[in-house]
Amino acid sequence: MAHKQTKIALLHHTGCGNLGDDAIIDVVVGNILQRWGNAEIAVFSMNPDDTAKRHGIPTYPIRRYRWDIGHESAAVDLSPSGNRRLKDWFRKTKNSAIHLPKALFAELAFLVASYRTLKTFDLLIVSGGGQLTERGGPWSFPYALFVWSRMAKRAGVKCIFLNVGAGPLNHPLSKFFVPRALRGADYVSFRDEQSQKLLYGLGFTGPCHVFPDNVYSFETGPIDVSPRDGDRLIVGIAPMPYPFCDLLRCPSNPQAIQDDLIGKIATFASLLAKQSYALKLFGSDIEADPEAIEDLRTVLQNRHHISTPEYVPIESVSELLSRIAAMDYVVTCRFHGVVLAHLLNKPVLAIAHHPKVTDLMNALGLGKYCVDMRTFDPIRLIDTFEALVSETEAVKKSMAASVVNYRAKLAAQFDGLFPPDSTQRWPLQAEPEALLSAEISG
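The residue numbering used here restarts from 1 in each chain and proceeds along that chain's sequence as written. Selection of residues for local features in this predicted model requires a pLDDT of at least 70, selection of side-chain atom pairs for listing and counting requires 80 or more, and totals for whole chains, interfaces and linings are taken over all residues. Computation of side-chain values covers all heavy atoms of the structure but excludes hydrogens and water.

*Asks:* Help me understand the sheet that holds strand E11 (residues 234-238) in this model?
*Replies:* Backbone-to-backbone hydrogen bonds pair the strands of a sheet. The strands run either parallel or antiparallel. Note: two strands are recorded as paired if DSSP finds a minimum of 2 bridges between them. Runs of E in the DSSP output that reach at least two residues are strands. Runs of H or I that reach at least four are helices, and both are numbered from the N terminus. On the basis of which strands lie adjacent, the open sheet formed by 5 strands has the order E12-E11-E13-E14-E15 and parallel pairing. Taken across any chain shown, the strands that pair with only one partner, and hence form the sheet edges, are strand E12 (278-281) and strand E15 (370-372). When the angles between neighbouring strand axes are averaged without regard to direction, this sheet yields 15°. Pairing between strand E14 (residues 348-352) and E15: 3 bridges, direction parallel. Working convention: axes come from line fits to C-alpha atoms, limited for helices to the stretch in contact. Angles between N-to-C directions cover 0 to 180 degrees.

So, in structure tokens, the structure goes:
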């Protein structure tokens, strides 16, 4: 079968408003179609309606419940019509004695329908991002990836994990599901060495590679930038909600922790304003970040008497890039906030909410401009920022060089996996030299 006939499905836990995840979908689809222009591509998503609207391709659900923007869930019914009458009875009954069997029946019906859909594809790609995580518990991401990997193997559908990030994985079930999901794959690559080492430590021994995050292959193209209002240097600040979902146990005082985080970011921002920097607030998660931004605006006004413009929400990756392009420096808490600032060659200071952010900043040689969200001192942070400003040209030169390097590695990886001049279906009979030569060295 020629590659022009290949049907490819991406699987990504996207659909809750995280624009970094949406950028990954754009990148992977774009790179495949650039090489195999007639391939048919669809996405298995946690919010098929949103994913179809944003990317204009067919979509299907990963789970029998789905995310709405805002992480709300709703049931998904893909069962064949012959099963619906019985399934309706199971759904409506309130008999507690059959509650567990009812859930098992619904899950089985969904998996059967999903298997039939998956079997129509040639290749399943777990398309990057931090999907090897137990966010939501072991029955969330870990279970889903395990089941889909197993279904692909049974259906004879090739499966690859493409530049995925891992952690946290603390629960025994997560440690069971995730390595076994990878063992069922035909190709595995991680987006950093720390993720690779974590899975090695959990017993994964299969062949694998390390490549940059997929978003480094994003084609930014021409960007519309709003004209400047004055000559002051612009610092973009992107707060976020405290990531309680990454903790083993939610603390007893989550609101106090969130208020403390916003208070410290406000103190830091007020010091920037006193040094005549212009402040621009933004976020890369269209659902989670606006509330944190409004809280920050309120604290800046009430506690520091600093007014900031009303926040206009960002709805797309292109809008996000346009906002960042107008900034001189970026202060962000999110992983893809760092990546997108890096792509646009904006010196970046990271308030890391997760080790993946710290690892990325270290890999870029910017580790001294990265602080821990839990422990940073806003007074000392202004000194760190001033050090970044004093080394702006050196930082920008280094960042530009690493972007060229990362993009070349990703291009070689996509060339190896989807060779433009090949008439074979994936995977190739022998491992492409491009993959071996382009891989990030250990």
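*Asks:* Just to check I follow, could you spell out the confidence of the model for the protein for this structure?
*Replies:* Atom-level detail of predicted coordinates should not be read off regions where pLDDT is low. Of the residues in the protein, 84% reach a pLDDT of 70 or more, and the chain-wide mean stands at 86. Segment residues 71-91: pLDDT under 50, and 36 contacts once partners within four positions in sequence are set aside and those in other chains are kept. Note on residues 93-98: pLDDT under 50 across the span, and 3 contacts to partners over four residues away in sequence or across chains. For every residue, the predictor assigns a confidence score, pLDDT, that lies between 0 and 100. What makes two residues a contact is simply this: any of their non-hydrogen atoms within 4.5 Å.

*Asks:* What's the story with the side chain of Asp213 in this structure? I'm lost.
*Replies:* Note that Asp213 resides in the loop between strand E10 (209-210) and E11. Only 3.2 Å separates the side chain of Asp213 from the side chain of Arg191, close enough to count as a polar contact. Polar contacts involving the side chain of Asp213 include one to the main-chain amide nitrogen of Val215, which spans 3.0 Å. Residues contacting Asp213, with those up to four places away along its chain left out, are Arg191, Phe335, His336 and Leu410. Polar contact is the term for a pair of N or O atoms within 3.5 Å; when the atoms are in protein, one must be able to donate a hydrogen and the other to accept it, and sequence-neighboring residues count only if both atoms are side-chain atoms.

*Asks:* Explain the nonpolar core to me, please; I cannot follow it from the model alone.
*Replies:* When a protein is soluble and globular, its nonpolar side chains tend to lie buried together. What makes a nonpolar core is a set of buried Ala, Val, Leu, Ile, Met, Phe, Trp, Tyr and Cys residues whose side-chain atoms join them at distances within 4.5 Å. Note on classification: 1.4 Å probe, protein chains only; a residue is buried when its accessible area is under 20% of the maximum for its type, exposed when over 50%, partly exposed between these limits. Core analysis: the biggest nonpolar cluster contains 96 residues, and Ile8, Leu10, Ile237, Ile351 and Phe385 have the highest contact counts within it. For this core, the element with the highest residue contribution is helix H1 (residues 19-35), accounting for 8 residues. Apart from residues no more than four positions distant in its own chain, Ile351 is found in contact with Ile265, Val331, Thr332, Cys333, Val371, Met373, Phe376 and Leu381. Membership of the second largest hydrophobic core comes to 42 residues, among which are Ala9, Ala42, Leu111 and Cys208.

*Asks:* How do you make sense of the pairing of strand E1 (residues 7-11) when you look at a structure like this?
*Replies:* The side chains of a regular strand alternate, first on one face of the sheet and then on the other. Within E1, 4 of the 5 residues are buried, which leaves it mostly tucked inside the rest of the structure. Where E1 and strand E2 (residues 40-45) come together, 5 bridges link them in parallel fashion. Looking at E2, one finds that Ala9 is bridged to Ala42. With its strands directed away from the observer, a crossover is right-handed exactly when the path from the first strand over the helix to the second travels clockwise. In this view, the connection linking E1 to its parallel neighbour E2 by way of H1 has right-handed handedness. Relative to strand E6 (residues 123-126), E1 runs parallel, the two sharing 4 bridges. Each bridged residue has a counterpart across the sheet, and for Leu10 the counterpart in E6 is Ile125.

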